[in-house]
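Here are the chains, one letter per residue:
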Amino acid sequence: MIDKIARRRRRPASVPVYLALAIVLVVTAGPFLWMLSTSLKPQADQYDGRFIPARLTLRNYERLISSAPYLLDEVLNSFEISLLNTAGQVVTCAMAGFIFAVFRFKGSKLLFGLLLATFVIPPQVALIPNFIFFSKIGLVGTKLPLWITAFLGGAYGTFLLRQYYTSIPIELAEAGRMDGVTLPGMFFRIYLPLGKPALSALAIITFTGTWNDLIRPLIYLPSQQKLTTLTVGLSLYQATYSGQWTFLMACAVLSVFPILLIFFVAQKQIIEGVALTGIK
Amino acid sequence: MTGTLKPLGAERVWLWAMLAPTILGIIFGTAGSLVASGAISLLKWDLINPASWVGLGNYSQLAVDPKFLASIRVTLEFTALYVPLCIVGSLALALLLNRGGHGQGFFRTMVFAPSITSAVAIGLIFNWIYAKDEGLLNRMIAAVGLPTVNWLGDRNIFFSVTIANVWGALGEGAIILLAGLKSVPATYYEAATIDGASARKKFFSITLPLISPAIFFQVIIATVNALQAFEYIYMLTRRTQGESAMATVVYMVYRNGFRWFSMGLASAQAMILAVVIIALMVVYFRLEKKLVTYD
Amino acid sequence: MPKKRSLSLAALCCAVACCALLSVSCGGGKKAAGTIKVLNWGNEQEGKVWTDLAADFQKKTGIKAEVETAEWSVYWDKINTLYAANTPPEVFAMDAPLFMDWYTRDALASVQPYLDKDKAFLDGVYPQTLAAYKTDKGYFGLPRDFQTIVLFYNKDMFDAAKVKYPDASWTYDDFRAAAKKLTLKSAAGKITQWGYQADMYDIEGNMSEAVWAYGGEIMNADMTKTALGVKMDSWKLFSEMVHVDKSIPDTDTLAQYGTDAFLAGKVAMISFGHWMVPTYQDVAFKWDVAPLPKGPAGRATSINSAGFVMAKNCKNPDAGWEWIKYVLSKEGQTRLAQLGFAIPIRKEVAESAAFLDQKVKIDQKVFLDAVQYAHMKPVFRGYDQWSSAFGDAMSAFYKPDVKVEKVIADAVAAADAALAKAAK
């Protein structure tokens, strides 16, 4: 009986469902396609309102290299900062998540409670004290403030990983201990490999979150285009090249492309990872 | 709440070593920020001249500042519109994806794509879609002979920005809720079918209660994101003067702190935002007990 | 994606509190050599000019000037950030109206000691440009070039509409009538070309100039209250051009063509200073410049200088002064004049071929003649906040259902409130 129901639920969907999905697809992909289509038009045709360009050109992309020489730097900076943030979060949150999932010690409950309490404090509260701190030690105008803080753990990531690690039978750790495995050994040989789905979820969330962050790079690297991130660069181009839609859309394509590429290659893991974050 | 093993011997040292970054983070990060922000909010300080003590002066100034009060109103109104749209939209999308047969993976991927794209890029694209005469939307409206809409004009900007923001967020919510839907055991539906329950009844008495934890999680994420809205506001509502046509609290913090360098005033604004967020979270977790079903 | 929730390394609060009380100071009498940092606002083209100038400067003095040119929209954020990081640039470009803000923040270094050693240095400089940098403690900066606002017009559009080119006889009524004739509609009734672009958020450009021409003022005599609402004639003129004649596009319409619809070939007239000349020299249409129209109180325009100031706690003030001296010298001014972004502050250079014979053949004298009837932009503490508040409130100017009297009254109130706050 269960098999029958399961099979029934897997059959091809009905026509109305596909129709609805088609509408969703148009709404989702439409803006991306419009961006791409505009970026391939000569500027003279930008107001022609055609979805399929009458004349195709790569001129806007050539201009990216000549008029926006820092765009490539900005892409690389965004990568660098996002990767460093990801590394910091994954390492420190995995360690803390592991400890909280496995051990009970004096103050463990209190510490975990404190960590969770920080979850509700908005990051904007840290914006000004952090800025003042980094300005007084002369690091404003460098990339460091944009990633160093990721190496101090975090409530979200620690909670996510602890939840996942608690689903790993504690007997594994106990058995390991009998065999003389040290604490780091337990972490590296048992928990880290078994926790891969949760780790990749955290990595993805951190990476895209940093990649898309605007306010912090805007504060620390407002206009050194060689050093700043793509989000700041794009917002600058919006002002500088306002009205030059074909060129601006080419900039947008370049900024969207790397992350969409990663996404399409790794979409299965990414989507499963994100789904994981929502399940208690 | 925490694990069960008691640390032995050298493990005690390892344990604290591995927790060290997190502990430092709590002390110097969040807790330190909160205390420091609170202290700075009592000062008048532009980082060039020495700080001077103003007590609650920044707060009393904000209490009568029409621009700041307007930014609180805008932020709350935005949240009130954004959160339900996000939740209902994500749920509808998730239900739709759950019904889809062949090609489900493809649709899932496409729906998720906006969530992975930066808000700055999406804001840029929507600027072009919303443009007054030449934009895609008005082109399409004009093509079918209807009067065009000034999407980013005063009256509509609030809704246009919200819609762009929801567009960027729906996919992620849908994926999380879809996972919730998939975890509902098929046997529940089977039993309901045998009892002759309608599709509507199944949705309200089985699906909704069982995925309520996932929905609750989504509500929290959406609310926190809405109260901290900045990227879309920056990209879609910034005027030539640098002010915003729809300034949210975070936008005000940014302007006051990093354009006018009024560190005290900006800190006071951030503190007020923190209080609003914490208060809302307390309300949510109170409601959780009534509305969310666990097992 | 959920917002990343990494905890941030905050200030140790006590460290912050200590820092608040410390003021780091440096500077002093090192000899002029080494490296300096110079900041300018401007576009890429301007940036290149400054880099070239820095190369000449290094050849001449041996001082290496690291020149950075940032877009206006982020320029002040950048300066603020450098100050906050305790690494202020030796020299940075100053917009004259903002001078008082920076001076009263005690952020600038005096250049008076250098001037005292070189008494003849300011001879031959347009006196109108100097006043903005003079304080009761002497000069805390110097102008490096200046702008007067004139009317740019698209000759092709005037020819096509059979409208006579603007000249010195034009009044604001002639201007309005011409703008109306230059506004064109498509068969479907959609406006495809406008007579004039008015940026009703920027005091400079058309607002202050018209207010003066109708006998109004920007501020009261002691710079404590906004006087822009006293004479309403010019506001009514522009309001009717926007809402009745439709010869001025609103901001949302403009936004899709970029900030400059003259460049985009969508408007027939715009008022700007000389800084737009290099941008316009390659456009596909023919254009020229004319004086702004006359009003009942005569002809008026605004004069505004960009200057150089030195940061108070910079590391190498003497070398910074060498840079200012170089740019303001006849040689430096000649180089800048050839590039055509602004009018030289030295009369002999402004009236020489270096400035008058530009690549693009337009009536250069119009810019110089404007000095005769130009008013100074006001300079007072809080100008930045004041003008931002006024400009922001003026966004209501384009709303069809709001009376112009109310828009101006609200904008004046907002500006006065911002001024009161900033002056505290």
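Since we're looking at a predicted model, the values are computed, not measured.

Q: Describe in detail the overall build of chain C, supporting the description with residues and values.
A: Of the regular secondary structure elements, chain C holds 19 helices and 17 strands. Relative to its length of 424 residues, chain C is compact, with a C-alpha radius of gyration of 23 Å against a globular reference of 22 Å. Along the first, second and third principal axes, the C-alpha set of chain C runs to 70 × 55 × 50 Å. Taken across its 424 residues, chain C has 51% of its residues classed as buried. Sequence-distant contacts, at least 24 apart, represent 76% of the contacts inside chain C between residues at least 6 apart.

Q: I'd love a proper account of the nonpolar core, names of residues and values included.
A: Judged by nonpolar contacts, the single largest core of 302 residues is most densely connected at Leu202, Cys251 and Ala252 of chain A together with Tyr196 and Trp323 of chain C. Not counting chain neighbours up to four residues away, the residues in contact with Leu202 of chain A comprise Gln89, Val90, Cys93, Gly157, Leu160 and Leu161 of chain A.

Q: Could you give an account of helix α1 (residues 11–40) of chain B, naming the residues involved and the relevant values?
A: For α1 of chain B, spanning 30 residues, the distance from its first C-alpha to its last is 41 Å, which sits close to the expected 44 Å at 1.5 Å a residue. Ala20 of chain B marks the point of greatest bend in α1 of chain B, at about 45°, and the proline Pro21 of chain B comes within the next four residues.

Q: Can you tell me about the packing of helix α3 (residues 66–99) of chain B against helix α11 (residues 249–258) of chain B, naming the residues and giving the values?
A: Residues and elements named next belong to chain B. Direction vectors running N to C along α3 and α11 enclose 140°, while the axes themselves pass 8 Å from each other. Across from Phe68, Ser71, Ile72 and Thr75 in α3, the residues of α11 making contact are Val249, Tyr251 and Met252. Tallied by class, residues from the contact of α3 with α11 come to five nonpolar, two polar and no charged.

Q: Tell me about the interface of chain C and chain B, residues and numbers included.
A: Of the residues lining the interface, 33 residues belong to chain C; the matching set on chain B comes to 43 residues. Every element with two or more residues in the side of chain C that touches chain B is listed here: α1 (13–21), α3 (72–84), α11 (251–255) and α18 (383–393) of chain C. When its residues are assigned to classes, the side of chain C that touches chain B shows 16 nonpolar, 10 polar and seven charged.

Q: Tell me about the environment of Pro147 of chain B, residues and numbers included.
A: Residues and elements named next belong to chain B. Looking at the secondary structure, you find Pro147 in the loop between α6 (136–143) and α7 (157–182). On the neighbour-count criterion, Pro147 (7 C-beta atoms within 10 Å) is exposed. The sequence separation of Pro147 and Gly257 amounts to 110 residues, and the corresponding C-alpha distance is 42 Å.

Q: Summarise the interface of chain B and chain A; cite the residues concerned and give the values.
A: With 87 residues of chain B at the contact, the number on the chain A side is 87 residues. For the side of chain B that touches chain A, the element with the most residues is α1 of chain B, which contributes 17 residues. Residues of the side of chain B that touches chain A, tallied by class, amount to 56 nonpolar, 22 polar and nine charged.

Q: So, helix α13 (residues 317–328) of chain C: which residues are in play, and what are the values?
A: All names here are of chain C. Taking 1.5 Å as the rise per residue, α13 with 12 residues should run 16 Å; its terminal C-alpha atoms sit 16 Å apart, in good agreement. Across the 12 residues that make up α13, a large majority, 10, are buried. Along α13, the positions that sit buried rather than exposed are Pro317, Ala319, Gly320, Trp321, Glu322, Trp323, Ile324, Tyr326, Val327 and Leu328.

Q: Pulling in residues and values, what's your account of the domain arrangement of chain A?
A: Looking at chain A, the domain boundaries give domain 1 (2–64) and domain 2 (70–240). With centres defined by C-alpha atoms, the gap from domain 1 of chain A to domain 2 of chain A works out at 34 Å.

Q: Talk me through the domain arrangement of chain C; I want residue IDs and the actual numbers.
A: Residue and element names in this part refer to chain C. Along its sequence, chain C is carved into domain 1 (30–148 + 304–376) and domain 2 (150–303 + 379–423). Taking only C-alpha atoms into account, the centre of domain 1 sits 28 Å from that of domain 2. The set of elements that each furnish at least two residues to the side of domain 1 that touches domain 2 consists of α4 (99–104), β7 (142–148), α17 (365–373) and β17 (374–376). By residue number, the principal contributor to the side of domain 1 that touches domain 2 is α17, which donates six residues.

Q: Describe the pairing of strand β2 (residues 64–70) of chain C, and please don't skip the residues or the numbers.
A: Residue and element names in this part refer to chain C. Relative to β2, strand β1 (residues 35–41) runs parallel, the two being bridged by seven bridges. In the strand pairing of β2, Thr35 is matched with Lys64. For the handedness criterion, the β-α-β arrangement of β1, helix α2 (residues 44–61) and β2 is classed as right-handed.

Q: Explain the environment of Thr208 of chain A to me, and be specific about the residues and the numbers.
A: Residue and element names in this part refer to chain A. You can see Thr208 is positioned in helix α10 (residues 196–212). Looking at Thr208, the number of C-beta atoms within 10 Å reads 25, which means it is buried. For the pair Thr208 and Leu83, spaced 125 residues apart in sequence, the C-alpha separation works out to 9.8 Å.

Conventions adopted
- Residues numbered from 1 in each chain as written.
- Chains lettered and ligands numbered in written order.
- Predicted model: local features only at pLDDT ≥ 70, side-chain atom pairs only at ≥ 80, totals over all residues.
- Helix = DSSP H or I, 4+ residues; strand = E, 2+ residues; numbered from the N terminus.
- Rg over C-alpha atoms; globule rule 2.2 N^0.38 Å.
- Buried ≥ 20, exposed ≤ 12 C-beta atoms within 10 Å, placed from the backbone.
- Contact = placed C-beta atoms within 7 Å.
- Core = buried A, V, L, I, M, F, W, Y, C linked by C-beta atoms within 7 Å.
- Expected span 1.5 Å × (residues − 1).
- Bend = angle between axes of the 7 residues up to and from the residue.
- Axes fitted to C-alpha atoms, helices over the stretch in contact; angles between N-to-C directions.
- Nonpolar A, V, L, I, M, F, W, Y, C, P; charged D, E, K, R; others polar.
- Domains from an automatic or database assignment.
- Pairing = 2+ DSSP bridges.
- Right-handed = clockwise from strand over helix to strand, strands pointing away.

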